[in-house]
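What follows is the residue order along each chain.
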Amino acid sequence: MSIESELIWFDGEFVPYHEANIHVLSHTLHYGLGAFEGIRAYAQPDGRAGIWRLRAHIRRFMDSLKMMATDCPFTLEQIEDACVQVLKVNGFSEAYLRPLAFLGHGRMGLGARDNKIHVVVAAWKWGAYLGEDGLTNGVRLCTSSMTRHHPNAALQRAKVVGHYVNSVLARYEANDNGFDEAIMLDQNGYVAEGTGENIFVVEEGVLHTPPVANILPGITRRTVLDIARHEQIEVREQFFGRDALYTADEAFMCGTAAEVTPIRSLDRRQVGTATPGPVTKTIQRTYLDAVRGKVPWLTDNITVVE
Ligand code: PMP
């Protein structure tokens, strides 16, 4: 699928896709200090685009910049509006949205803080992040040899450009070894998250997920917790090792891009029956219906593009 669109929002204006360019001496390109988001819009029952949990995403975007001691030159409302407008001008009813804030060029060196901060919002059509088969039948995972960032090394709750080197290396390793995706352990050996997803395990009908300590506070994770509460599924936010997946009845990963993706195996060991289990299926179905405006108690989180 192409990431091309007609127009990209760039510092308050729309510019043609091929003209949305930056200087090679842009600070973020060298040092990685910048923040981004990944958001999805889905076609609603009336055909209009609806952005899922836009406020939560832009709030996290602003928080990521705050954690990076960087002032955003636009307000939360302006960036929300940019997300709405970018769908409109490109005529998308379903798309992935990518707000990004980065430091431009001017001065170099780690202490250069006066370079202009740019903000862009791009949108493109993106299908199932871990493949249609993965979404339907589950993915094959490995435990990564890469340790997740120590919370005091990277401020892991922030969605920061440079943090993703750790994820990219883990993903490369997983794919090179024939797996779909990796699970990353923290510095204590507990399951942290996927390279771009949070993790849930089901054991005897109870959902387990690592607490938001050294992981990205996923917005899909939050939705899964909302769905679990509504379905009266008990949830325990606690640390566990990868052994919990070896003995789990079911497990799944979740994220804006990955949505709710069942886990078939970890380290070539079958997880549960290696097919999506009943809890996973309920949560996946409810999530995929909710984002399309089909779950009445969850529709207040959708920003419809008029
Ligand atoms: N963890 C990491 C490292 C991620 O990159 C993502 C994707 N943003 C997630 C978890 C899931 O977060 P969300 O549900 O907000 O997309």
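All values derive from a computational prediction rather than experimental measurement. (Residues numbered from 1 in each chain as written. Predicted model: local features only at pLDDT ≥ 70, side-chain atom pairs only at ≥ 80, totals over all residues. Heavy atoms only, no water.)

Asks: What should I look at first to understand the overall build of the chain in this one?
Replies: A tally of regular secondary structure across the chain gives nine helices and 17 strands. C-alpha extents for the chain along the principal axes are approximately 55 × 45 × 30 Å. In the chain, buried positions account for 53% of the 306 residues. Per element, the accessible surface of the chain, about 13800 Å² overall, is 50% carbon and sulfur. The distance from the centre of the 30 positive side-chain charges to the centre of the 37 negative ones in the chain is 2 Å. (Helix = DSSP H or I, 4+ residues; strand = E, 2+ residues; numbered from the N terminus. Buried < 20%, exposed > 50% of the residue type's maximum accessible area, 1.4 Å probe, protein only. Areas by Shrake-Rupley, 256 points an atom, 1.4 Å probe, with all protein chains shown as cover. Lys, Arg positive; Asp, Glu negative; His and termini not counted. Charge placed at Lys NZ, Arg CZ, Asp CG, Glu CD.)

Asks: Would you mind showing me how to read the site of the ligand here?
Replies: Around the ligand there are 15 residues in total, and Tyr164, Glu193, Ile219, Thr220 and Thr256 lie nearest to it. In this structure, Tyr164 approaches the ligand through a side-chain N or O atom, which is 2.4 Å from an oxygen atom. In isolation the ligand exposes 380 Å². Once the protein is present, 96% of that is buried. Residues that form the shell around the ligand fall into these classes: three nonpolar, seven polar and five charged. (Near = heavy atom within 4 Å. Polar contact = N/O pair within 3.5 Å; in protein donor to acceptor, adjacent residues only side chain to side chain. Nonpolar A, V, L, I, M, F, W, Y, C, P; charged D, E, K, R; others polar.)

Asks: What should I look at first to understand the pairing of strand E2 (residues 13–16) in this one?
Replies: Where a strand is regular, its side chains alternate between the two sheet faces. In this sheet, E2 lies alongside strand E1 (residues 7–10) in antiparallel orientation, the contact comprising four bridges. Across the sheet, the residue bridging to Phe10 is Glu13, located in E2. Connecting the antiparallel pair E1 and E2 is a turn made up of two residues, with Asp11 showing a positive phi of about 55°. (Pairing = 2+ DSSP bridges.)

Asks: I would appreciate a short explanation of the packing of helix H2 (residues 54–67) against helix H3 (residues 76–90) in the present structure.
Replies: Two quantities define a packed helix pair, namely the angle between the axes and the distance from one axis to the other. One way to put it is that H2 packs onto H3 with a least axis distance of 10 Å and a crossing angle of 130°. Taken together, the axes of H2 and H3 lie oblique to each other. Once H2 is placed against H3, the crossing between them reads as right-handed. Only Leu76, Glu77, Ile79, Glu80, Cys83 and Val84 of H3 make contact with H2, whose side of the interface consists of Leu54, Arg55, Ile58, Arg59, Phe61 and Met62. (Axes fitted to C-alpha atoms, helices over the stretch in contact; angles between N-to-C directions. Parallel < 35°, antiparallel > 145°, perpendicular 65-115°, else oblique. Left-handed = near helix turned anticlockwise from the far one by under 90°. Contact = heavy atoms within 4.5 Å.)

Asks: Sorry, what's going on with the packing of aromatic side chains here?
Replies: Each pair of aromatic rings is reported with the distance of its centres and the angle of its planes. In this structure the tally under the stated criterion is ten aromatic pairs. Relative to Phe102, the ring of Phe10 has its centre 6.5 Å away and its plane inclined at 70°; by these criteria the two rings are edge-to-face. Residue Phe10 is found in strand E1, and its partner Phe102 is found in strand E6 (residues 95–103); the two are separated by 92 residues along the sequence. Since its relative accessible area comes to 15%, Phe10 is described here as buried. The exposure class assigned to Phe102 is buried, which follows from its relative accessible area of 5%. An aromatic cluster of three or more residues is present, and its members are Tyr96, Trp124, Trp126 and Tyr129. A cation sits over an aromatic face here: Arg171 above Tyr129, 5.5 Å from the ring centre. The ring of Tyr246 has Arg269 lying over it, and the distance from NZ or CZ to the ring centre is 4.0 Å. (Phe/Tyr/Trp six-rings, centres within 6.5 Å; stacked < 30°, edge-to-face > 60°. Lys NZ or Arg CZ within 6 Å of the ring centre and 35° of its normal.)

Asks: Just to check I follow, could you spell out the side chain of Thr195 for this structure?
Replies: Mapped onto the fold, Thr195 is located in the loop between strand E10 (191–194) and strand E11 (198–203). Here Thr195 falls in the buried class, since its relative accessible area comes to 6%. If near-sequence neighbours (up to four positions away) are discounted, Thr195 is found in contact with Arg148, Tyr164, Ser167, Ala170, Arg171, Glu181, Ala182 and Met184.

Keep in mind that these numbers describe shape and distance, not what the molecule does.
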